[in-house]
Every structure is written in structure tokens, then in C-alpha cells.
Amino acid sequence: MRLIVDIGNTNIKLGVFKNTKLLKKLRYNLLKEDELISLFVKFPTINKILFCGKNNKLKTQINNIIKHKDVQLIYWKNINKNMINIEYNELNNLGFDRLGVSIGAKFLYPNYDNHLIIDIGSCITYDLILNDCYKGGQISPGINLRLKSLTTFTTSLPNLQFSEPKNLLGNTTISSIQSGVFFGIFDEISSRIAFYKNRTPEINVILTGGDSLHFKKTIKNVVFDDNLLMKGLNLLLDYNVKK
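Report on the accompanying structure.

About the criteria used
- Along each chain, the written sequence defines residue order, and numbers are assigned to residues from 1.
- It should be noted that, the model being predicted, local features are given only for residues of pLDDT at least 70 and side-chain atom pairs only at 80 or more, the latter also being counted only at that level, while totals for whole chains, interfaces and linings use all residues.
- In computing side-chain values, all of the structure's heavy atoms are included and hydrogens and water are not.
- Sulfur atoms of two cysteines make up a disulfide when they are within 2.5 Å.
- Partly exposed residues are those whose accessible area sits between 20% and 50% of the maximum for their type, while under 20% is buried and over 50% is exposed, using a 1.4 Å probe and protein chains only.
- For the purposes of this entry, the term helix denotes a DSSP run of H or I that reaches at least four residues, the term strand denotes a run of E that reaches at least two, and both are numbered from the N terminus.
- Multiply 1.5 Å by the residue count of a helix minus one, and that product is the helix's expected span.
- Two strands are counted as paired when DSSP detects at least two bridges linking them.
- Helix axes are fitted only over the stretch in contact, all axes being lines through C-alpha atoms; the angle between N-to-C directions runs from 0 to 180 degrees.
- Contact definition: two residues touch when any of their heavy atoms are within 4.5 Å.
- Pairs of N or O atoms are called polar contacts if they sit within 3.5 Å, as long as, within protein, a hydrogen donor faces a hydrogen acceptor (for residues adjacent in sequence, only side-chain-to-side-chain pairs).

The tally for this structure, following the rule as stated, stands at zero disulfides. In this model cysteine 52 remains outside any disulfide bridge; the closest cysteine sulfur is found in cysteine 123, 17 Å from its own. Accessibility expressed as a relative area gives 27% for cysteine 123, which makes it partly exposed.

Written as C-alpha cells, this is what we have:
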């Protein structure tokens, strides 16, 4: 049994797998260490951990729990990443999230040779696989980064929590910001999908990430897979431990 640790820009997510089946997924609060202890109690046969990202406090918490257990703790920097052909000039700087979703797309959707993976979180990442080879992509600000930038770099716009707009046309400052952020992202994603589909008609488009569900009603003819990163990282862990 495996534990995947995904340390993102905003949240820490934990996923427990038995082979390829995701048994448990949770967002972890570092101040609630009892949740982590309970996870190992509930799943006592966890014997491999893939630790992705940087957080010294979480690293200490995990090491304290497993110090008397037969558990292999593997760090992202130490794993073999050649599970997929990669054409990227800065492989050491390619985030585990981008590589993880790309591996997930390639191996979980094998009927396609071409994939566009759009991960909507703190940032929006676009990752392209053509003929089973990772080519690269784009990174742009996510919902909360856009909202925060409007507050940070202006003198009068309010600090807002995101809410899906009811209309395209905003009739207050707040509704105008919500509409601008939401439909700005919607237009960006739609145009990117159209661009790649025009060049590669037989392409599998996957939306994933914590904020992807905001667009489930508006972006059509794509696959929504909220757990793609976790599943891809588990496949990569499996590839490494079997080598």
C-alpha cells in the first residue's frame, strides 16, 4: 500500500493507494497531526511513500510516525522520471505536478497518443503530449492569483473570495471582478483548446485540479479527472519501485 504526498502552492493533499486504486484522499492541515497519525492507523500496511514538494514540518511529522516501521520514504528529487519521453530543456525544473498529470494522461487514457492536460489550481498549467512525447506547455495565473493581483496592485479594488458569476455583464464592482476573472479564464482555456484541436484534431483534452469543477458546466467535450495528478504520481512510484 502506498501514500502519495502532494505539497502544492496552496494545499497539502494525501492519497492512499492499493495498487492502482485510490482508497483515500484528503487535504491535510499541518496543525492537525492527529489526522496523519490516524491515517497510518487506518492503513497500517502503507509501506511506501512518495514525497513531492518541500515542507520540512511535514517531513518531520512523517519521519516521526514511520521511524519504527518498515516504510520506504522516497523523495521526488530521487526518482527516475524517464517513464515518459520528454522534450523539455529544463527537466530539473519541471514541476512534479506537470509531469505527474502527463504520466497519468498517457497511461490512463491509452487510446490516445496526443493529450492536452489543463490543471486549474493556484496556477493554470497547460501540458502537451504529442505522439506519446511530453513537449512542454504554458503557465498562467489561477483564479485566486488573479483576484489577489487586482487587490495588491490597485488602490481601490476589494479583496474577494471567488464566487461563480451569474451573468457575463457585471453591474457592480464585485460582480464585474468575478465575471472578469471567471470568463477571462474561460476564454483563455477555450481558445487554447481550440488552438491545439485545430493543429491536432485527435487530441484528448483533460481538465483537472481543484478549481476545474468551476468550469464543468461551461467547458464541453473534455474529460474531467480531478484525481489525475494523484493517479499519475502513483504510477510513477510503481514504476520506480519495480525497477
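Turning to helix α3 (residues 96–108), a few remarks are in order. Compared with an ideal rise of 1.5 Å per residue, which puts 13 residues at 18 Å, α3 spans 17 Å between its outermost C-alpha atoms and is within 8% of the ideal. Of all 13 residues that make up α3, 10 are buried, and the element is covered over most of its length. Those residues of α3 not exposed but buried are Phe96, Arg98, Leu99, Gly100, Val101, Ser102, Ile103, Gly104, Ala105 and Lys106.

Turning our eyes to something else, we now look at the sheet that holds strand β4 (residues 48–52). Spatial ordering of the open sheet is given by β3-β2-β1-β4-β5, a layout of five strands whose pairing is mixed. Each of the sheet's edge strands pairs with one partner strand only, and the pair in question is β3 (21–28) and β5 (72–75). Put simply, the sheet's adjacent strands are angled 15° from each other on average, direction ignored. Where strand β2 (residues 12–18) and β3 come together, seven bridges link them in antiparallel fashion. Paired with lysine 13 across the two strands is arginine 27, which belongs to β3. The strands touched by helix α1 (residues 33–42) within the sheet are β1 (2–7), β2, β3 and β4, with β3 carrying the most contacts at an inclination of about 165°.

Tracing the backbone through its elements, the reader meets tyrosine 109 in the loop between α3 and β7 (115–120). As for tyrosine 109 and aspartate 225, which are separated by 116 residues in sequence, their C-alpha atoms are 11 Å apart. Setting aside residues up to four positions removed in sequence, tyrosine 109 forms contacts with Gly104, His115, Asn204, Ile206, Val223, Asp225 and Leu228. Reaching out from tyrosine 109, the side chain makes a polar contact with the side chain of aspartate 225 at a distance of 2.8 Å.

Bringing the side chain of arginine 98 into the picture now. Residue placement: arginine 98 occurs in helix α3. Owing to a relative accessible area of 6%, arginine 98 belongs among the buried residues under this scheme. A distance of 3.1 Å separates a polar atom in the side chain of arginine 98 from a polar atom in the side chain of tyrosine 134. With residues up to four places along the chain from it excluded, the contact list for arginine 98 reads Tyr88, Thr125, Tyr126, Asp127, Tyr134, Gly136, Gly137, Gln138 and Ile139.

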